[in-house]
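# Breakdown of the fold
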Amino acid sequence: MTQPASLPGATVYTCGENGWAAGDLSQVTAGDILVLSYDAGGNLVWIIRSPGASGGGMPTEGGQEMPGGAASGTPSPSGGGVQQIEKIPTEPLEETTACALVPVETVTVTVSIDELDVRRIREGMTAQVTLDAIPGQSFPAAVAEVAAEGESDGGSTKYEAVIAMDRTEKMLAGMTASVALALEQREDCLTVPAEALQETDGATVLYTTYDAETDTLGSPVEVETGLSDGSAVEILSGLSQGDSFYYRYADTIVYSFLPNI
């Protein structure tokens, strides 16, 4: 699970018609270009902001746009003036995202979807997320993105899907998460525990009688199954509401060992 990062508080310098102006991160908008300066200890000192298309051109000197988009001075680390720097010839560069400012109210989980199932996954589909570190709770989520291109993995192709959900105080980045996606939903259907179904000669059966004297199951009935959530299975035919069926299950497993002689 990944949690969006945020920048610490720092002064943001923007050069406009009246020279350099100091502000904060609230002035940063989509499309702006940011230059971040750090000291020798790795601490953020200041940020230079070049407004995007909606906020003006490149930094200017005395209200005039500088050739090549290079400014002749930058704010000093102490904020007490302008420090002269050497102009370096510039070359066009491909657009690159240096950083992104995103809210921390949401977190995402990236899951791998098999090629046989990916066409059934769509954006906006609801999901339930459970975290190993927060037992006994599930969190509502939704599919935010499905990759259009997959990667080969052991003879099949896997596609990544991003699941987004609201963040709670207990959620931390890096926690192990499990995601359940509801591909289909049925209402008022007949279901049986998955453990009750047995495979016999290629058929799926339920045992409808039990002999207590011999402790044996009998009268197998072939059934047709439908949807399953992993624990319950829909029965389409072969069993009716009110019919009895029997199966074995164990609450505990006991191991016996013979002593070495």
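Refer to the structure presented above.
Residues numbered from 1 in each chain as written. Predicted model: local features only at pLDDT ≥ 70, side-chain atom pairs only at ≥ 80, totals over all residues. Heavy atoms only, no water.

Before going further, it helps to spend a moment on the pattern of salt bridges. The final tally for this structure, using the stated rule, is three salt bridges. Of the charged contacts, one joins Arg-49 and Asp-32 as a salt bridge, the two residues approaching to 2.6 Å between their closest N and O atoms. Taken together, the residues Arg-49 in strand E4 (residues 44-50) and Asp-32 in the loop between strand E2 (19-23) and strand E3 (33-38) connect sequence positions 17 residues apart. Close ionic contact of Asp-114 with Lys-158 constitutes a salt bridge, the shortest N to O distance being 2.9 Å. (Salt bridge = Lys/Arg side-chain N within 4 Å of Asp/Glu carboxyl O. Helix = DSSP H or I, 4+ residues; strand = E, 2+ residues; numbered from the N terminus.)

The next point concerns the sheet that holds E4. The four strands lie next to each other as E2-E1-E4-E3, forming an open sheet whose pairing is mixed. The open sheet is flanked by E2 and E3, the only strands paired with a single partner. On average, adjacent strands in this sheet sit at an angle of 25° to one another, irrespective of strand direction. Across four bridges, the pairing between strand E1 (residues 11-16) and E4 is parallel. What sits directly across from Val-12, in E4, is Ile-47. (Pairing = 2+ DSSP bridges. Axes fitted to C-alpha atoms, helices over the stretch in contact; angles between N-to-C directions.)

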